[in-house]
Amino acid sequence: MDVYDGIHGRNVLEHRSMPEYELQDHGIFPSRELVERDVQTQPTLSIQGHAGGNGGGGGGGGRDTHLHGREAVKQASCADAKRARLAAQTRMSDMPAVNKRARAVAPRRAIHAGRPIFAADKLSPVCPVRAPDLVFQVVTREQRTESENKTSSPTMYALYIGNKRYSSWSMRPWVLLKALDIPFDEKLHFFKPGQAQPEFKAFSPSAKVPCLHDNDSGNVVIWDSLAIAEYLAEQHPAVWPSDRAARAFARCAAAEMHSSFAAIRDECSMNVALRIELPRPLSEGLRRDIARLGALFAEGVERFGGPFLAGSSFTAADAFFAPVASRCETYGIRFEDNPKAQGYVDALLAHPAVQAWIQQGIRETEREPYHEEDCVRGRKVLEDLAK
């Protein structure tokens with residue numbers, strides 16, 4: 001068994017006669033003199049920890065404690081508390097084959113200024129360890145501030161998107177991430193005049209949006225909306241339904257949306273702020289797309305119980321049809337003879353993530369002439385919610 005003092009650079013067992021360490025029935029621990037000396041030389045030293053019940057790792061019924069300076073030494077080295085209680089909170093991942101119940105018999109590692117005071121590599125009859133009912137971690141105030149600052153570090157994902165007023169493809173992964181509470185950094189790039197956006201090449205291999213960057217995996221770049229959904233599903237299973245049949249249906253529906261419905265894409269370009277009157281009669285292609293959408297929506301709700309396409313939870317399939325729901329709102333498309341389909345569209349439009357995108361799109365002040373004209377095409381604008 002090796003017991004190493006990471007601060008003072010000593011193997012404790014080679015210095016068992018030294019007064020700085022004490023071999024107790026609870027294990028080997030720094031003596032009061034050693035701890036007090038370090039507190040005196042480090043005025044910012046504090047001890048923070050968790051006081052809990054005896055046994056089982058000292059878990060339940062605990063209370064957080066923060067002690068500073070000599071009061072920390074007094075508490076930690078008090079005879080009644082037994083100096084063994086200065087043993088620090090063990091990082092369970094650092095201990096082999098350790099679980100919650102094993103805490104009662106596992107060796108403890110103390111942490112001082114981010115380094116181990118001691119670490120018992122294996123159990124030994126010479127150094128038995130019992131679970132203390134008071135577990136402390138010794139840190140400096142600077143370390144505590146550094147730890148708190150980590151909460152503001154960059155998130156794993158960065159999502160590059162276009163205007164929320166127009167970009168149906170950008171809407172899909174954005175809504176999915178929001179609906180599943182997956183943190184990400186939004187990188188909004190407004191469209192310049194015209195269809196091509198060559199400056200998008202700086203972050204997207206196809207010079208198109210959306211594009212997802214995974215900063216925690218060597219900056220992996222995913223530049224297709226369906227591929228983004230599948231990539232996210234590898235780390236976030238809720239992207240797709242848990243039921244196998246529902247998952248298969250959801251994937252088929254999302255893929256169909258990804259590759260089909262050319263007429264509604266062409267004739268009903270997305271603009272979340274406008275209300276436009278479609279001329280009658282509708283084109284054959286648009287009627288065909290609307291009929292297929294109604295059948296698909298009704299089938300999903302009927303088979304899996306709704307309110308969403310593949311069951312009770314919002315998944316990638318719903319994110320893919322969210323722009324369709326927005327188009328239905330813009331162009332006054334309703335499934336009057338298909339209540340299940342219309343109910344699904346209403347459920348999509350009411351979802352907080354979908355509403356967040358739409359409302360932010362309405363508030364956008366940027367206008368791109370090509371996209372504006374592509375939506376209107378000489379048709380009657382009934383309302384502009386942005387005005």
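- Under the annotation held in an unreviewed UniProt entry, the protein chain carries the name Glutathione S-transferase and is attributed to Purpureocillium lilacinum.
- You can read under Sequence similarities (unreviewed entry) in the UniProt record for the protein chain the words "Belongs to the GST superfamily."

## Some thoughts on unusual backbone geometry
Part 1 of the reasoning: Between Arg 280 and the following residue, Pro 281, the backbone shows a cis peptide bond with an omega angle of 0 degrees.
Part 2 of the reasoning: Structurally, the position occupied by Pro 281 is in the loop between strand E14 (274-276) and helix H8 (284-304).
Part 3 of the reasoning: In this structure, Pro 307 follows Gly 306 across a cis peptide bond, with omega equal to 0 degrees.
Part 4 of the reasoning: Of note, the phi angle at Phe 261 is positive, near 60 degrees, even though the residue is not glycine.
Part 5 of the reasoning: Turning to its location among the elements, Phe 261 is positioned in the loop between helix H6 (244-259) and helix H7 (262-267).

## Comments concerning the packing of aromatic side chains
Part 1 of the reasoning: Under the criterion given, the structure shown has ten aromatic pairs.
Part 2 of the reasoning: A centroid spacing of 4.4 Å and a plane angle of 10 degrees characterise the contact between Tyr 160 and Phe 203, whose relative ring orientation is stacked. With Tyr 160 in strand E10 (residues 157-161) and Phe 203 in the loop between strand E11 (184-188) and strand E12 (211-214), the pair connects residues that are 43 residues apart, well separated along the chain. Across this residue pair, the class does not change: Tyr 160 and Phe 203 are buried.
Part 3 of the reasoning: An angle of 85 degrees between the planes, with centres 6.4 Å apart, marks the rings of Trp 174 and Phe 184 as edge-to-face. Of this pair, Trp 174 sits in helix H4 (residues 168-179) while Phe 184 is found in strand E11, placing the two residues ten residues apart along the sequence. In this pair, the class of Trp 174 matches that of Phe 184, namely buried.
Part 4 of the reasoning: Clustering of aromatic rings is evident, with ring pairs tying together Tyr 160, Phe 191, Phe 200 and Phe 203.

## What about helix H9 (residues 316-331)?
Part 1 of the reasoning: For H9, which comprises 16 residues, the first-to-last C-alpha distance of 24 Å matches the rise-based estimate of 22 Å (1.5 Å per residue) to within 8%.
Part 2 of the reasoning: In the structure, H9 departs most strongly from a straight axis at Ala 322, where the bend amounts to approximately 35 degrees and where the proline Pro 323 lies between one and four residues downstream.
Part 3 of the reasoning: Counting buried residues along H9, 15 of its 16 residues qualify, which places the element largely inside the surrounding structure.
Part 4 of the reasoning: Among the residues trailing H9, Gly 332 stands out with phi positive, at a value near 65 degrees.

Rules and cut-offs
- Residues numbered from 1 in each chain as written.
- Predicted model: local features only at pLDDT ≥ 70, side-chain atom pairs only at ≥ 80, totals over all residues.
- Heavy atoms only, no water.
- UniProt positions renumbered as here; feature names shortened; annotations may be inferred.
- Helix = DSSP H or I, 4+ residues; strand = E, 2+ residues; numbered from the N terminus.
- Phe/Tyr/Trp six-rings, centres within 6.5 Å; stacked < 30°, edge-to-face > 60°.
- Buried < 20%, exposed > 50% of the residue type's maximum accessible area, 1.4 Å probe, protein only.
- Expected span 1.5 Å × (residues − 1).
- Bend = angle between axes of the 7 residues up to and from the residue.

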